[in-house]
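Structural characterization, general
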Amino acid sequence: MTDYDVVVVGGGHNGLICATYLAKSGKRVAVLEAAESAGGCAESREFATGYTVSACAQWVDQLSPEVTRDLALEAHGLRWVAKNLDSISLGADGRHLTLCGADVNAPGLSQEDRETYRDFHQKMMRYAKLLVKVFNERAPTLVDSNLTDRITLAKLGLGLKMLGKDDMSDLMRIILINMYDVMEESFEDDQLKALLALEGVLGAHMGPRSPNTVYGYLYRCVGQVFGFSGPALVKGGVGALGQALAASAAAAGVTVRLGTRVSSIDTEGGRAVGVTLEGGEQLKAPLVVSSADPVTTFENLVGYRNIETGMARRVSQIRHKSGTAKLHLALDGAPAFTGLDAAQLGQRLVIAPDMNYIERAFNAVKYSEYSSAPAMDISIPTLHDPSMAPEGKHVLSAIVQFAPYEPEGGWDQHRESFTKLLLDVLEAYAPGISKEVVATELLTPQDLEGQFGMRGGHWHHGEIAIDQILMMRPFPGATQYGTAVDGLYLCGAGAHPGGGLTGLPGRNAAREIIKRGAAA
Amino acid sequence: MKGTSDSTMMLKTPFHSRTEAACEINCWGDWMGYTTPNAYFDVELEYFAVRSTAGVFDISPMNKYRITGPDAQAYLNRVVTRDVSKIGLGRVGYTVWCNDAGQVMDDGTIFHLAENDYRLCAYARATDWLEWCAMGFDVSIEDETASVAALALQGPTSCSVLKAMGLEDIENLKPFGMRDYELEGESLMVSRTGFTGDLGYELWIAPHKAELLWDRLFEAGEHYLIKPFGSDALEIARIEAGFVQAGVDFVPAEDAVRNGRTRSPYELGLGWLVNLDKGVFNGRKALQKELQEGSRYRFVILDVEGNKPADSSFILKGNKQVGAVTSAAWCPTAKTNVAFAQVEMPHGAVGQELVAEIYYQRELHWSRMLAPCKVIDAPVFNLPRRRATPALPF
């Protein structure tokens, strides 16, 4: 007698989405989440008295519309307070460049750059649409492919063909190179180049000159195919998305157990048979689905000794080093950024004046140092949703690149100085902001790892790079959500297509399990 | 026994001063980077020493790994295909190990020296693989190839030689057993193991006492017609005894670069070494599948008509090529022309008659011969004295 048909390890967005689809197909599903709230990276948290912030992900800009619809997230409480925000690249001198969808504007921006960008954007959208076709399916395998895989490959092949000869050869040319080169050959404006280049390296341990960054950029463009021509904000912060997912799961009959940490995924004779919880309770289930990252799943939960060496070796070689930190500020009043009006202040603000600035920021993290002039992706959600702070007060949330996983001597001795440095950087663009700060919170990659259960603090649960995507994600032999451990599936960001709040790994994993039926 | 020849300085074994002096015809080969004699004086005479009296072979270059720590047994059980928990204390087990695809990486022996203390002897260098395998286990792996010297003493008089050397009660040592002795204050480990399929022992000692061991052995063995033998004589003996050789009869799985060139234990006739019920081990899932779906190839021992060794021959059924020979030799004691071959399933059932397409050359003139051959059910050399305990005095 089993307790459930499926036990899902981790109640992050992908775990919840996977569980909901499975429950809708008639399975008895339990989601086990270590934290006291569901949502994982979709979490809102009061970080200072009265001030709430989206603790991990700060924007929603890639959520699959199909997931939103299938899970009736709006009926379960998801409310948008802002959509399609502009991305504004801040200049220290007050010259700002604004980008939304296919349009870009800035004082002194050449007509040529505007037109080139429009063409560039259209082309990238064509490529991104092609990616979406593959992202919506399980990753096809090349060897041992079956009909499903061949159809996906045919779609991809046909899609490539349909791009036309010029687009196709250009995609082949740029897909493996880097944003720096592509930007240099396309545009003149430094801020435009840097803004686009930053998209390619967000969340990654890469600089604009790193290979794979064009793929990283296209990965983010998928959000535009999903209808987000700019980032969106959720009422109550991203945590409200987590709550909506949890409500949808509950409505579908999923048992969501919070504050329940799984200490091991149990196997017998090479097959998953359930999980053991911290405290010793055992839950039996013929299927275990892990939304934890693959390294945590196999090294810590299954245990390397319970899988074969080749697989353990592949897991141990997954690159999951992050260079991303998160800064939260509780502000006494709205900050004033040089040259921004009130409406602009509520947009997505980016500090990355030129590509070398980002590259230099990345250089530091290669040597486990933090950037002396980091790039930042800033949100002031309280301008759209005043409920997240006391009246008249504000919250600033920023993605910071780059911060090392472990600086020399450990984060304890650097936390204060790095926070101070970040405030100084902000001060250059928003003079006087430091005086408004009533509380700060810095989440280093180690904090993100500890609080959100992602190895290395990497929001993709493993670098998005050519050797770790599609049929190689998270590693060869575990590319279609199923693994060499029978009955154990992966549904987290580590699985195809990757991280970000897309919901696709969870949805695809559920579809695969349902499709395999009794053979799962 | 082939190694790679390059410009690297060749190593000498701890017995080198003695093997060099004994190597009358100065015929040397390369075994894993060590200079080892291919032949000492005459391949056939050396072979007959092994089969009729006693032969000594320097096995020091064999890769030896010491596996210790609380998880040593569990670790080895994950690495190799057989159930290591069944290799009792003081016993030796022959085994193979596979990669995840269930393809054989190497074969070798496991010596159970003490509780959670094992020695693994391997054909190929295995440090990297053994280290990879150690993830998740509390074990230490030490390469003791250079720190343990070893001789194989093989043949009917081998037990008598050891008795003459003063090793009491050695005749009661069972096959695949081992025992500790002392040689002038130094510990000498003796195991009843070998690669010739006959009564024989392997002697393990610290390198600084290696020459002493050689000398004592040859003094004690003088009346028992002890002789050193080289790799060429061993090659005949092992084929006669039905032993496959890594790198010859199969490509170590992680060395192969071409798809489909590797073999599973079942395809090498070593299925008896696989225990699918012992829990997770490398290759288990793939081997389970192979057992259900069938193997691609079969390892066969062929009795080939005539006396021309069927080296590198194609194996035909009718006009169709169904396999190829991996090892072949005229076996003098069994007076049989033996070949090991890999044949495609479903061919190779015992008793099946096939044809070996043998090419041979005389003074640059190539000839082709179609030699009928038959699949036989067991090695051609297998005498009761190999297993008799107490060992018979010769």
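Residues numbered from 1 in each chain as written. Chains lettered and ligands numbered in written order. Predicted model: local features only at pLDDT ≥ 70, side-chain atom pairs only at ≥ 80, totals over all residues. Heavy atoms only, no water.

With that out of the way, let us pick up the sheet that holds strand S13 (residues 282-284) of chain A. Residue and element names in this part refer to chain A. If you walk across this open sheet you meet the three strands as S11-S12-S13, and the pairing is antiparallel. Single-partner strands in this sheet number two, and they are strand S11 (262-268) and S13. The average undirected angle you get between the axes of adjacent strands in this sheet is 30°. Here six bridges tie S11 to strand S12 (residues 271-277), and the two strands are oriented antiparallel to one another. Directly across from Asp266, in S12, lies its bridge partner Gly274. (Pairing = 2+ DSSP bridges. Helix = DSSP H or I, 4+ residues; strand = E, 2+ residues; numbered from the N terminus. Axes fitted to C-alpha atoms, helices over the stretch in contact; angles between N-to-C directions.)

The next point concerns the sheet that holds strand S7 (residues 117-122) of chain B. Residue and element names in this part refer to chain B. Ordered by their spatial adjacency, five strands build an open sheet running S5-S6-S7-S4-S8, and the pairing between neighbours is antiparallel. Two strands in the sheet have a free side with no partner beyond their single neighbour: strand S5 (92-98) and strand S8 (140-143). Ignoring which end each strand starts from, the neighbouring axes of this sheet average 30° apart. Sheet topology places strand S4 (residues 63-68) next to S8; four bridges connect them, and they run antiparallel. When the bridges of S8 are listed, Thr68 appears paired with Ser140.

Let's shift gears to the packing of helix H3 (residues 111-135) of chain A against helix H5 (residues 165-174) of chain A. Residue and element names in this part refer to chain A. Between H3 and H5, whose axes approach to 11 Å, the crossing angle comes to 80°. The orientation of H3 relative to H5 falls into the category roughly perpendicular. Side by side, H3 and H5 meet where Lys123, Met124, Arg126, Tyr127 and Leu130 of the first sit next to Asp167, Asp170, Leu171 and Ile174 of the second. Of the residues belonging to the contact of H3 with H5, the class tally is five nonpolar, no polar and four charged. (Parallel < 35°, antiparallel > 145°, perpendicular 65-115°, else oblique. Contact = heavy atoms within 4.5 Å. Nonpolar A, V, L, I, M, F, W, Y, C, P; charged D, E, K, R; others polar.)

It is worth spelling out helix H3 (residues 72-79) of chain B at this point. Of all eight residues making up H3 of chain B, six are buried, and the element is well covered by its neighbours. Within H3 of chain B, the full set of buried residues consists of Ala72, Tyr75, Leu76, Asn77, Arg78 and Val79 of chain B. (Buried < 20%, exposed > 50% of the residue type's maximum accessible area, 1.4 Å probe, protein only.)

Once that is clear, we can look at the packing of aromatic side chains. One pass over the full model with this rule turns up 22 aromatic pairs over all chains. Ring centres of Tyr117 of chain A and Phe187 of chain A lie 6.2 Å apart, and the angle between their planes is 50°; this geometry places the pair in the tilted category. Here Phe187 of chain A lies in the loop between helix H6 (179-186) and helix H7 (190-201) and Tyr117 of chain A lies in helix H3, a separation of 70 residues in the sequence. Take Tyr117 of chain A and Phe187 of chain A: they sit in the same class, and that class is buried. With centroids separated by 5.8 Å and ring planes inclined at 75°, the aromatic side chains of Tyr75 of chain B and Phe137 of chain B adopt a geometry described as edge-to-face. Of this pair, Tyr75 of chain B sits in helix H3 while Phe137 of chain B sits in the loop between helix H4 (127-133) and S8; the two residues are 62 residues apart in sequence, bridging distant segments of the chain. Here the two residues Tyr75 of chain B and Phe137 of chain B agree in accessibility, since each one is buried. Ring pairing ties together the aromatic residues Tyr117, Phe120, Phe187 and Tyr217 of chain A, which thus form one cluster. (Phe/Tyr/Trp six-rings, centres within 6.5 Å; stacked < 30°, edge-to-face > 60°.)

A few words now on the side chain of Gln103 of chain B. Its place among the elements puts Gln103 of chain B in the loop between S5 and strand S6 (104-114). For Gln103 of chain B, the residues in contact, after removing those within four places along its chain, are Trp97, Cys98, Ala253, Thr262, Arg263, Ser264, Glu267 and Arg296 of chain B.

Chain B puts 17 residues into the contact, and the matching count from chain A is 16 residues. A combined buried area of about 1,400 Å² lies between chain B and chain A, and 50% of that area is made up of carbon and sulfur atoms. Of all residues in chain B, the largest losses of buried area upon contact with chain A belong to Trp132, Met135 and Lys285 of chain B, amounting jointly to 39% of the total for that side. Put simply, chain B and chain A have two salt bridges between them. For the salt bridge of Arg305 of chain A with Asp71 of chain B, the shortest nitrogen-to-oxygen distance reads 2.9 Å. Here chain B and chain A share 13 residue pairs in polar contact (both at pLDDT 80 or more) between them. (Buried area = accessible area lost by both parts, 1.4 Å probe. Salt bridge = Lys/Arg side-chain N within 4 Å of Asp/Glu carboxyl O. Polar contact = N/O pair within 3.5 Å; in protein donor to acceptor, adjacent residues only side chain to side chain.)

On to the pairing of strand S1 (residues 6-9) of chain A, then. All names here are of chain A. By the alternation rule, side chains of S1 split into Val6 and Val8 and Val7 and Val9, which are all buried. Bridge analysis of S1 against strand S14 (residues 287-290) gives four bridges, and the strand direction is parallel. The residue of S14 that forms the bridge with Val7 is Val288. Bridging between S1 and strand S2 (residues 29-32) involves four bridges; their strand directions are parallel. Bridge pairing in S2 places Val9 opposite Leu32.

Between side chains of opposite charge, a pair can form as their charged atoms come close. All names here are of chain A. Tallying each qualifying case throughout the model produces 49 salt bridges over all chains. Across the pair Arg28 and Asp5 runs a salt bridge, and its minimum N-O distance is 3.1 Å. Here Asp5 lies in the segment before S1 and Arg28 lies in the loop between helix H1 (13-24) and S2, a separation of 23 residues in the sequence. With a relative accessible area of 36%, Arg28 lands in the partly exposed category. Arg319 is the salt-bridge partner of Asp467, the closest N and O atoms lying 2.4 Å from each other. One end of the pair, Asp467, is in the loop between helix H16 (445-452) and strand S20 (488-490); the other, Arg319, is in the loop between helix H11 (309-316) and strand S15 (324-331), and 148 residues separate them in sequence. Judged by relative accessible area, which is 37%, Arg319 ranks as partly exposed.

Read these as layout, nothing more, since geometry by itself doesn't imply function.
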